[in-house]
Amino acid sequence: QVQLVESGGGLVQAGGSLRLSCVASGTIFSINAIRWYRQAPGKQRELVAHITPGGSTNYADSVKGRFTISRATTKNTMYLQMNSLKPEDTAVYYCNADIAQARGTIPDDYWGQGTQVTVSS
């Protein structure tokens, strides 16, 4: 089994920064694409950032220039650095990863439990 556990959320004032971490544990052969999503109350879950196995990144327009997604492959850990936070960034943030548990197997889709980020004005 594979688990993703997020940490780093909390309450911050507008203009502040937070770094979210997501650690994958269990039987892991490879971690492929990694994504961070968020869901604000009453809204649909939206894709915030994406990083490919080769390191290419993509961001939602609303966070470009403020958020940075990264990965520490040797630690099975993924990060979302969030700077210049705005009240509209308030949401539950989820990490999501495509993880293969053995060589030659098709990666499965795994989700973390979510971490709350609240930005006060």
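The coordinates are above.
Residues numbered from 1 in each chain as written. Predicted model: local features only at pLDDT ≥ 70, side-chain atom pairs only at ≥ 80, totals over all residues. Heavy atoms only, no water.

1. Quick notes on the packing of aromatic side chains
Inspection of the entire model under this criterion finds two aromatic pairs. Ring centres 4.9 Å apart and planes at 45° place the aromatic pair Tyr37 and Trp111 in the tilted group. Taken together, the residues span a long stretch of sequence, with Tyr37 in strand S4 (residues 30-39) and Trp111 in strand S10 (residues 108-111) at a distance of 74 residues. On the basis of relative accessibility, which here comes to 34%, the residue Trp111 falls in the partly exposed class. (Phe/Tyr/Trp six-rings, centres within 6.5 Å; stacked < 30°, edge-to-face > 60°. Helix = DSSP H or I, 4+ residues; strand = E, 2+ residues; numbered from the N terminus. Buried < 20%, exposed > 50% of the residue type's maximum accessible area, 1.4 Å probe, protein only.)

2. Quick notes on the state of the cysteines
Considering all chains together, one arrives at one disulfide under this definition. Each disulfide pairs two cysteine sulfurs, and for Cys22 the partner residue is Cys95, the sulfurs being separated by 2.0 Å. Here Cys22 and Cys95 share a disulfide; its torsion about the S-S bond, 50°, makes the bridge right-handed. On the criterion of sequence distance, the pair formed by Cys22 in strand S3 (residues 18-26) and Cys95 in strand S9 (residues 91-100) is long-range, its members being 73 residues apart. (Disulfide = S-S within 2.5 Å.)

3. A few points about the sheet that holds strand S7 (residues 67-72)
The strand order across the open sheet built from four strands is S1-S3-S8-S7, with neighbouring strands paired in antiparallel fashion. Either end of the sheet is taken by a strand with one partner, and the two such strands are strand S1 (2-7) and S7. Here the strands of the sheet are splayed against their neighbours by 15° on average, with no regard to which way each runs. Bridge count for S1 against S3 is six bridges, and the pairing is antiparallel. Note that in S3 the partner of Leu4 across the bridge is Ala24. (Pairing = 2+ DSSP bridges. Axes fitted to C-alpha atoms, helices over the stretch in contact; angles between N-to-C directions.)

4. Brief notes about unusual backbone geometry
With a phi angle near 50°, Asn76 is a residue other than glycine that sits in the positive phi range. Within the fold, Asn76 resides in the loop between S7 and strand S8 (77-82). Residues other than glycine seldom take positive phi values, yet Ser84 does so here, at roughly 50°. If you trace the backbone, Ser84 turns up in the loop between S8 and S9.

5. Looking at the side chain of Thr115
Its location among the elements puts Thr115 in strand S11 (residues 115-120). In this structure the side chain of Thr115 is engaged in a polar contact, spanning 3.3 Å, whose partner is the backbone nitrogen of Gly9. Beyond its immediate chain neighbours, meaning those up to four positions away, Thr115 contacts Glu6, Ser7, Gly9, Leu20, Ala91, Val92 and Tyr93. (Polar contact = N/O pair within 3.5 Å; in protein donor to acceptor, adjacent residues only side chain to side chain. Contact = heavy atoms within 4.5 Å.)

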